[in-house]
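# Reading the structure
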Amino acid sequence: MSFKLTPLPYPDTALDPAISAETLSFHHGKHHQAYLDKTNAAIKGTDHADASLEDVIAAARGTNQGLFNNAAQSYNHGFYWQSLAADSTSASDELTVMIDAAFGSTDDLKAKLADRGLGHFASGWVWLAEKDGKLSIEETHDGDTLADSDFNPLLVIDLWEHAYYLDHQNKRPAYLDAVINQKLNWAFASDNLARGTTWKYPA
Ligand code: MN
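The model shown is predicted, which means the values in this text are computed figures rather than measured ones.

## Comments concerning the pattern of salt bridges
Under the counting rule described, the total for this entry stands at 3 salt bridges. Among the ionic pairs, Glu-139 bridges to Arg-116, the shortest N-O distance being 2.5 Å. Of this pair, Glu-139 sits in strand β2 (residues 134-141) while Arg-116 sits in helix α5 (residues 106-119), placing them 23 residues apart in sequence. Classification of Glu-139 by relative accessible area gives partly exposed; the value is 27%. Residue Arg-116 is classed as partly exposed on the basis of its relative accessible area, which comes to 33%.

## Details of the sheet that holds strand β1 (residues 124-131)
Spatially, β2-β1-β3 is the arrangement adopted by the 3 strands of the open sheet, whose pairing is antiparallel. Two strands close off the open sheet at either side, each with one partner strand: β2 and β3 (152-158). Recorded for the sheet is a direction-independent mean angle of 25° between the axes of neighbouring strands. Packing against the sheet, helix α3 (residues 65-83) makes contact with β1 and β3, and its axis sits at approximately 90° to β3.

## What about the packing of α5 against helix α7 (residues 172-183)?
Axis separation between α5 and α7 bottoms out at 10 Å; the angle between their running directions is 150°. In this view, α5 runs roughly antiparallel relative to α7, as classed from their interaxial angle. At the point where α5 passes α7, the crossing takes the right-handed sense. Contacts between α5 and α7 involve Lys-110, Leu-113, Ala-114, Gly-117 and Leu-118 from the former and Arg-172, Pro-173, Leu-176, Ile-180 and Asn-181 from the latter. Tallied by class, the residues present in the contact of α5 with α7 amount to 6 nonpolar, 2 polar and 2 charged.

## Details of the domain arrangement of the protein
The domain boundaries assigned to the protein delineate domain 1 (21-82) and domain 2 (93-195). Taking only C-alpha atoms into account, the centre of domain 1 sits 20 Å from that of domain 2. Contact residues are listed per partner, giving 18 residues for domain 1 and 23 residues for domain 2. Around 1,800 Å² of area is buried between domain 1 and domain 2 when both sides are counted, 60% of it from carbon and sulfur atoms. Sorting the residues of domain 1 by area buried against domain 2 places Thr-23, Phe-79 and Tyr-80 first, and these three jointly supply 34% of that buried surface.

## Some words on the nonpolar core
Core analysis: the biggest nonpolar cluster contains 59 residues, and Ile-19, Tyr-80, Ile-157, Tyr-175 and Leu-184 have the highest contact counts within it. Of the residues forming this core, the biggest block, 8 residues, is contributed by α3. For this core, the domains that each give at least three residues are domain 1 (21-82) and domain 2 (93-195). In contact with Tyr-80, other than residues within four places in its own chain, are Ile-19, His-27, Trp-125, Val-156, Ile-157, Asp-158, Ala-163 and Tyr-175.

## Regarding the packing of helix α4 (residues 93-103) against helix α8 (residues 186-195)
Interaxial distance between α4 and α8 falls to 9 Å at its minimum, and their mutual angle equals 90°. The pairing of α4 with α8 is recorded here as roughly perpendicular in orientation. Along the contact surface, α4 presents Glu-94, Leu-95, Met-98 and Ile-99, while α8 presents Trp-186, Ala-189, Ser-190, Leu-193 and Ala-194. Across the contact of α4 with α8, the residue classes tally to 7 nonpolar, 1 polar and 1 charged.

Criteria and thresholds
- Residues numbered from 1 in each chain as written.
- Predicted model: local features only at pLDDT ≥ 70, side-chain atom pairs only at ≥ 80, totals over all residues.
- Heavy atoms only, no water.
- Salt bridge = Lys/Arg side-chain N within 4 Å of Asp/Glu carboxyl O.
- Helix = DSSP H or I, 4+ residues; strand = E, 2+ residues; numbered from the N terminus.
- Buried < 20%, exposed > 50% of the residue type's maximum accessible area, 1.4 Å probe, protein only.
- Pairing = 2+ DSSP bridges.
- Axes fitted to C-alpha atoms, helices over the stretch in contact; angles between N-to-C directions.
- Contact = heavy atoms within 4.5 Å.
- Parallel < 35°, antiparallel > 145°, perpendicular 65-115°, else oblique.
- Left-handed = near helix turned anticlockwise from the far one by under 90°.
- Nonpolar A, V, L, I, M, F, W, Y, C, P; charged D, E, K, R; others polar.
- Domains from an automatic or database assignment.
- Buried area = accessible area lost by both parts, 1.4 Å probe.
- Core = buried A, V, L, I, M, F, W, Y, C linked by side-chain atoms within 4.5 Å.

If you want it as structure tokens, here you go:
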């Protein structure tokens, strides 16, 4: 199959000023599209041509770094757009209980997400994830992903400079503060937790 650019689930101005329409036009329209184009070109006519994106990622991990990077980045960006929301969202009771158990409170979780995102060296991703009924913060480097891991990813934040440079220049803390405190999609996280299986990139 040919993987398509997932539409933004909000208008491109909806995340401003945390993330501007200009950033989204490049990040969604150019970066995410390029990862998809390279993935589609690499699998065309191969055994992977009809596989799900998650299966492409799993097959390419450790065997085909170029395909892995593009397929994983395709997945991560699709997941990231859903991890953001225009309006304030709420965590389910189930998720809130698990956040309190793992981190103390939602404010403590937000502070730890910001710390881990700030401390992450160079490019990558910081995730809220669930495994065996427990929540944790996970980091993946460069294009790496939790899509084919034992974790059920609930939310992700892109730490690549292209995610924030136009809006916040080199100030990753300003980007993290704005996204974490204003734009995370707790309803999406709650849905992912309730489903109990890893979110699938739309076929
Ligand atoms: Mn990105």
